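# Observations on the three-dimensional arrangement
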Protein chains: 2
Amino acid sequence: MSGIVSGHVTSPRGVRAAGGHCGIKPSRPDLALVVTAAPAAAAACFTTNRVQAAPVLVSREQVRGGRAQAVVINSGNANACTGEQGRRDAWEMVDLVARALGISRALVLVASTGVIGVPLPRERLRSGIPALAASLGPHGEQAAEAILTTDAFPKTGAVQIEIGGHAVTLGGMAKGAGMIHPRMATTLSLVTTDAAVDPPLLQRALRFAVGRSFNRISVDGDTSTNDTIFLLATGAAGAALLRSPEDPGFAEFQDALVALTQHLAHQIVRDGEGATKVIAVTVSGAASDEDARRAGEAITTSPLVKTAAYGMEPNWGRILAAVGRSGAEVDPARVAVSVGGVHLVEGGVGHGERMPAAAQAMRAPEFAIDVDLGLGMGSWSGWTCDLTEAYVRLNSGSMT
Amino acid sequence: MSGIVSGHVTSPRGVRAAGGHCGIKPSRPDLALVVTAAPAAAAACFTTNRVQAAPVLVSREQVRGGRAQAVVINSGNANACTGEQGRRDAWEMVDLVARALGISRALVLVASTGVIGVPLPRERLRSGIPALAASLGPHGEQAAEAILTTDAFPKTGAVQIEIGGHAVTLGGMAKGAGMIHPRMATTLSLVTTDAAVDPPLLQRALRFAVGRSFNRISVDGDTSTNDTIFLLATGAAGAALLRSPEDPGFAEFQDALVALTQHLAHQIVRDGEGATKVIAVTVSGAASDEDARRAGEAITTSPLVKTAAYGMEPNWGRILAAVGRSGAEVDPARVAVSVGGVHLVEGGVGHGERMPAAAQAMRAPEFAIDVDLGLGMGSWSGWTCDLTEAYVRLNSGSMT
C-alpha cells in the first residue's frame, strides 16, 4: 500500500461528486452522484452471487459499452429481491440522472446498498437526484459518506503516479462492514482516475487488482447480492492512452490500482461489523497457489480462529484444524505456524512456552498469522477481522 | 426419530461401562470406558480433517480388523497436534485398557476430546484406567457424562426393534458443542447394539446413518481433528447374524441406527455453543440432491442467517443471499422461502405483510426454514443453531 495519500474519487482531474440525504434513511446521507466532465472509459466487477440485485443487472448491461459518465449510488436500500418493480426502479434512477445531467442514459451506472427485499422509495429519488446533480463539485468526501450502511467510517484514498511526464491520480471510495467475503467482497466501491485507458485494458487492470484486494478479505463469509466495483478513467491528466499491457506507464498504473484497492479493502476489514482486530493471514509453502488460497480462506473464515483473535488467545490448534479441513494438501509433521511473529508450531508440534509472547503480540490492533505448509512454493495472503459479541448484536438487530 | 426411548450405551445386552474423574480436568468427569462381554463386531467413521489427532490415527488402524471389545475415551485433552509423543500416549491408553481387562490390545479403540496441542497427562491415565476398569457396570449415563467438554448436557438415547422374534436394542452417546460441521461432525460418539452384524455390513450401515445424521448438522462450520463415531455390535440379543442388506431385519436395524444417530445429532445442535434455537433447514425443488446440499449447507453455516435466528428476525434476504452464493443452480424468480411455516417469498419476491407472523413463529425453541428452488426434485435437510453473543464469549475465553 505504498504511495497512498488522503484523497477521494474527486482527486483525479475531470471528476465531480455530491453526496446528500434524500430520505431513504431517516436522517443520515443516503445518495451519492459521481460525474466525469466527458464520457470516461469504464470497467466493473460484480458479485458472483446468483441472486443479484436489480442495479447489478442494470449496470452489468450498461458497462458493456465501455463508457460511462455518471455513477449514482444510494444506501439504505439494496433494491435486491424486489422483482420486476426493482428492475424498473433501477432504470428510473438511470433515467433521472441522465435527464438531470443532460447526458445519454447509456452513460449512467447505478448501484444500491442496504436492506434487502424492500422496494425503493421512488419519490425520494425523483426529488433527490436532480437536487444532487445541482450541487456537484469536488465533494468526494460527501459521496463516500453517502454510500455507507453499518460502516463506522468512510473508506477513501488516492495514489499519484507519473505516466510519460504527466501526473496521474487515482482516487477511490468503498463501503463495507458486513456480508463481506472473497469472490467480489467489496459490497460497493468506485475508483476514478484521470489516466487514459482503453476500456478492455481498464477491465483487465480492474480484475487483476480486485483479485489482489477485495477478493482477499473476509468479514463473515457471506457474499452480498449487490457487490459492485466501478472504475472510471477520464483521461483528463493528458497522459497518452494506455491500450496494451506493454505500453509505457501501464505497469505503474496497475501497481497504483492494486495499492489503492488494497488500501480500500483493508479499511473494509478494519471496519468489519463489530471488529476490534485486523488479522493479516499469509499461507506459504503450499503445494500450489490454489492450495494456499484454500488454506488461507479456511483461516480467514473460521469462527473459532476469529473468536480466539477477539479473546487474544494464541490458539494455534484452531488454525491447524482450519488448515486441515480446507482441502489443501497438508502434512501435519511439516506445518509451521506463527502468530504475531512468534513461532508457535514447528513440524506440527507446539511450543507452549511461547504462548505468552504470542498473546502479547495479539494485543496490537493488527497482527499476522503466518502458516508455512513446508510442501512447495504456493502462497496466498489476505485479511480478516475478529468475530465479536458486537457482530452478533449488530446482526441480530432489526433488519439491517 | 421415531421409537427413541431413554437409554444409554449399556442398554444393549452384553455392554458395561464406567465414567469417572482421573484428573485431566480440574474436577469434572473426564474418562469413560465401555466394554463388551466378548469381542464385538466394530465399525467407525472418522474426521475428514487432514490434521488428525493421535487417537484417530490409532483407532483407524485398530478398527480395520472389524472386532473390538473396549472403547476408552478421555475428555479435557484432545491429544491432537502432539506429534510422536501423542502417538505413543494413545497407544499407551490402548495398552493400559488391554492390561486392566486382560484382553488383546488389538481389541481396544481409543478417542480423545478437549484442548488441542497439549500433551496428555499420562500419569493420570496410568492410575485412572485401572480404577475405571474395576468399576464397570450398567453405568452408560456416567460414561456419557465423562466425554463432555463445553457441552451443557449429556447426549444419549436408545432404540428397540425386533429381529426374527428377538428384541434388539441400540444405545448411544455423543458429545458436541463446538467445532461442529458436516463431513463427520460428531466430535465423538459411540453406539452399541446387541444385534449380530458382520463387520463389513456394520460399517456400511454406520456410514449410511452418519450421512443422514451427524453429517447434516452445523454449529460453526469448523471441523475438528478428533471427530470419531464407533459402532459396536455384541450379538448378545441372540438374533441371527446380519450379513447382507437383503437379510430379514437389516432394514429395521438400519432405520433404527438412523433414528438413533439423528437423535444424538439433534441433541448436539440443541447444545451448540451458546445456542438458544434449533433451526431445521430443508431445501427442496433443487436441480439435484447435490445442489440441495450446497444450498442447505450455505444456509446452515451463514453467520447472518444464524444471527438473525438469534434475534428472531425473519430476514429472508439473508437466506436468499446464502442460497445465491452456494454454487447451486438458482433462478431467483422461482424461489420460495418459508420461515416457521410462514411463506415469506414466492417467485423471488417477498411478502412484507407476513413478517410479523414469521417473527412470532421464530419465538419457538425450534423452527423450520424451508426453501423451494422450483427447479427439480433434489432435496436435503439438516439442522443448525443460532449464533449468539454467548458463542463468542465461550470461544474467546481461555483455550477451550
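Rules used throughout
- Residues numbered from 1 in each chain as written.
- Chains lettered and ligands numbered in written order.
- Predicted model: local features only at pLDDT ≥ 70, side-chain atom pairs only at ≥ 80, totals over all residues.
- Heavy atoms only, no water.
- Pairing = 2+ DSSP bridges.
- Helix = DSSP H or I, 4+ residues; strand = E, 2+ residues; numbered from the N terminus.
- Contact = heavy atoms within 4.5 Å.
- Buried area = accessible area lost by both parts, 1.4 Å probe.
- Salt bridge = Lys/Arg side-chain N within 4 Å of Asp/Glu carboxyl O.
- Polar contact = N/O pair within 3.5 Å; in protein donor to acceptor, adjacent residues only side chain to side chain.
- Buried < 20%, exposed > 50% of the residue type's maximum accessible area, 1.4 Å probe, protein only.
- Least-squares fit on C-alpha atoms with pLDDT ≥ 70 in both.
- 1 Å grid on protein atoms, 1.4 Å probe; cavity = no way out; pocket = protein on both sides within 12 Å on 5 of 7 lines; lining within 4 Å.
- Points joined across faces, edges and corners; volume = space filled by probe spheres on them.
- Axes fitted to C-alpha atoms, helices over the stretch in contact; angles between N-to-C directions.
- Phe/Tyr/Trp six-rings, centres within 6.5 Å; stacked < 30°, edge-to-face > 60°.
- Lys NZ or Arg CZ within 6 Å of the ring centre and 35° of its normal.
- Domains from an automatic or database assignment.
- Parallel < 35°, antiparallel > 145°, perpendicular 65-115°, else oblique.
- Left-handed = near helix turned anticlockwise from the far one by under 90°.
- Nonpolar A, V, L, I, M, F, W, Y, C, P; charged D, E, K, R; others polar.

## Quick word on the sheet that holds strand E9 (residues 217-218) of chain A
Residues and elements named next belong to chain A. The strand order E9-E16-E11-E15-E12-E13-E14 describes an open sheet built from 7 strands, whose pairing is mixed. Either end of the sheet is taken by a strand with one partner, and the two such strands are E9 and strand E14 (349-350). One ladder, built from 2 bridges, connects strand E13 (residues 342-346) with E14; its direction is antiparallel. By the bridge assignment for E14, valine 345 is matched with glycine 350.

## Quick word on the interface of chain A and chain B
With 51 residues of chain A at the interface, the matching set in chain B holds 52 residues. A buried area of about 4200 Å², summed over both sides, lies between chain A and chain B, and 61% of it is on carbon and sulfur atoms. Connecting chain A to chain B are 2 salt bridges. In this structure, A:Arg393 and B:Glu389 form a salt bridge, with 3.1 Å as the shortest nitrogen-oxygen distance. There are 7 residue pairs in polar contact (both at pLDDT 80 or more) connecting chain A and chain B. Going through the elements one at a time, helix H8 (303-310), helix H9 (316-325), E14 and helix H11 (389-396) of chain A are the ones with two or more residues in the side of chain A that touches chain B.

## What about the pattern of salt bridges?
All chains considered together, the criterion is met by 30 salt bridges over all chains. Among the salt bridges present, the one from B:Asp194 reaches B:Arg13, with a minimum N-O distance of 3.8 Å. Within this pair, whereas B:Asp194 is found in the loop between strand E8 (188-193) and helix H5 (199-211), its partner B:Arg13 is found in the loop between strand E1 (4-5) and strand E2 (15-20), the two being separated by 181 residues in sequence. A salt bridge links B:Arg294 to B:Asp291, with the nearest nitrogen and oxygen atoms 3.2 Å apart. Of this pair, B:Arg294 and B:Asp291 both sit in helix H7 (residues 289-301), 3 residues apart, which is roughly one turn of the helix. Owing to a relative accessible area of 8%, B:Asp291 belongs among the buried residues under this scheme. What you see here is one network of salt bridges that share partners, running through A:Asp151, A:Lys155, A:Lys175 and A:Asp271.

## Points about the relation of the copies chain A and chain B
When chain A is fitted to chain B, the residual RMSD is 0.0 Å, and the transformation amounts to a turn of 180° plus an axial shift of 0.0 Å. Considering both components of the superposition, the chain copies are consistent with a two-fold axis. Nearest to the rotation axis, the C-alpha of A:Glu389 is located 2.3 Å from it, this being the minimum over chain A. The share of interface residues of chain A whose copies in chain B are also at the interface is 98%, consistent with both copies meeting through the same surface.

## Quick word on the environment of A:Thr225
Mapping A:Thr225 onto the fold places it in the loop between E9 and strand E10 (228-233). On the accessibility criterion, A:Thr225 (1% relative accessible area) is buried. Sequence-wise, A:Thr225 and A:Ala80 are 145 residues apart; in three dimensions their C-alpha atoms are separated by 6.8 Å. Those residues in contact with A:Thr225 that lie beyond four places of it in its chain are A:Thr47, A:Asn49, A:Val51, A:Gln52, A:Ala53, A:Val56, A:Ala80, A:Ile116 and B:Ala321.

## Quick word on empty space enclosed by the protein
All names here are of chain B. This model, assessed by the stated rule, comprises 2 cavities of 30 Å³ or more. Here the largest cavity defines a volume of roughly 80 Å³. Lining the largest cavity are Val305, Ala308, Ala309, Glu313, Pro314, Asn315, Arg318, Ile319, Val339, Met362, Phe367 and Ile369. Of all the elements in the fold, those that place two or more residues in the lining of the largest cavity are helix H8 (303-310), helix H9 (316-325) and strand E15 (366-372).

## Some thoughts on the sheet that holds strand E11 (residues 278-286) of chain B
Residues and elements named next belong to chain B. Taken in spatial order, the 7 strands of this open sheet run E9-E16-E11-E15-E12-E13-E14, and their pairing is mixed. Looking along the sheet, the strands with just one partner apiece sit at the ends: strand E9 (217-218) and strand E14 (349-350). Note: E9 against strand E16 (residues 378-385), 2 bridges, orientation parallel. Each bridged residue has a counterpart across the sheet, and for isoleucine 217 the counterpart in E16 is tryptophan 383. Of the strands in this sheet, E9, E11, E15 and E16 touch helix H6 (residues 250-270), which is tilted by about 50° from E16.

## Structural notes on the packing of aromatic side chains
Applying the stated criterion across every chain yields a total of 4 aromatic pairs over all chains. Measuring from centroid to centroid gives 6.2 Å for A:Phe46 and A:Phe230, while their planes differ by 85°, and the two rings are edge-to-face. Of this pair, A:Phe46 sits in strand E3 (residues 31-46) while A:Phe230 is found in strand E10, placing the two residues 184 residues apart along the sequence. The buried category is assigned to A:Phe230, whose relative accessible area is 1%. Aromatic side chains B:Phe250 and B:Phe253 sit 6.4 Å apart centroid to centroid with 40° between the ring planes, which places their arrangement in the tilted category. Placement of the pair is B:Phe250 and B:Phe253 together in helix H6, with a separation of 3 residues, close to one helical turn. The class for B:Phe250 is buried, based on a relative accessible area of 6%. Taking NZ or CZ as reference, A:Lys155 lies 4.3 Å from the ring centre of A:Phe153, over its face.

## Looking at the pairing of E2(B)
All names here are of chain B. Buried residues dominate E2, accounting for 5 of its 6 residues. The pairing of E2 with strand E3 (residues 31-46) spans 6 bridges and is antiparallel. Directly across from alanine 17, in E3, lies its bridge partner valine 34.

## A short note on the domain arrangement of chain A
All names here are of chain A. In terms of domain boundaries, chain A breaks down into domain 1 (4-270) and domain 2 (278-396). One C-alpha centre belongs to domain 1, the other to domain 2; they are set 32 Å apart. Taken together, the contacts link 12 residues of domain 1 with 14 residues of domain 2. Carbon and sulfur atoms make up 60% of the surface buried where domain 1 meets domain 2, a total of about 1200 Å² over both sides. Broken down residue by residue, the surface that domain 1 buries against domain 2 is led by Arg216, His266 and Val269, which jointly contribute 43%. Viewed at the interface, domain 2 and domain 1 are joined by 0 salt bridges. Broken down by secondary-structure element, the contributors of at least two residues to the side of domain 1 that touches domain 2 are E9 and helix H6 (250-270). Per-element accounting of the side of domain 1 that touches domain 2 gives the leading share, 4 residues, to H6.

## What about the packing of helix H2 (residues 83-101) of chain A against helix H3 (residues 122-133) of chain A?
All names here are of chain A. Here H2 crosses H3 at 25°, and the two axes come no closer than 9 Å. One element, H2, and the other, H3, form an angle in the roughly parallel class. Here H2 runs over H3; the crossing is right-handed. Of the residues in H3, those in contact with Gln85, Asp89, Glu92, Met93, Leu96, Val97, Ala100 and Leu101 of H2 are Arg122, Leu125, Arg126, Ile129, Pro130 and Ala133. Residues belonging to the contact of H2 with H3 are distributed by class as follows: 9 nonpolar, 1 polar and 4 charged.

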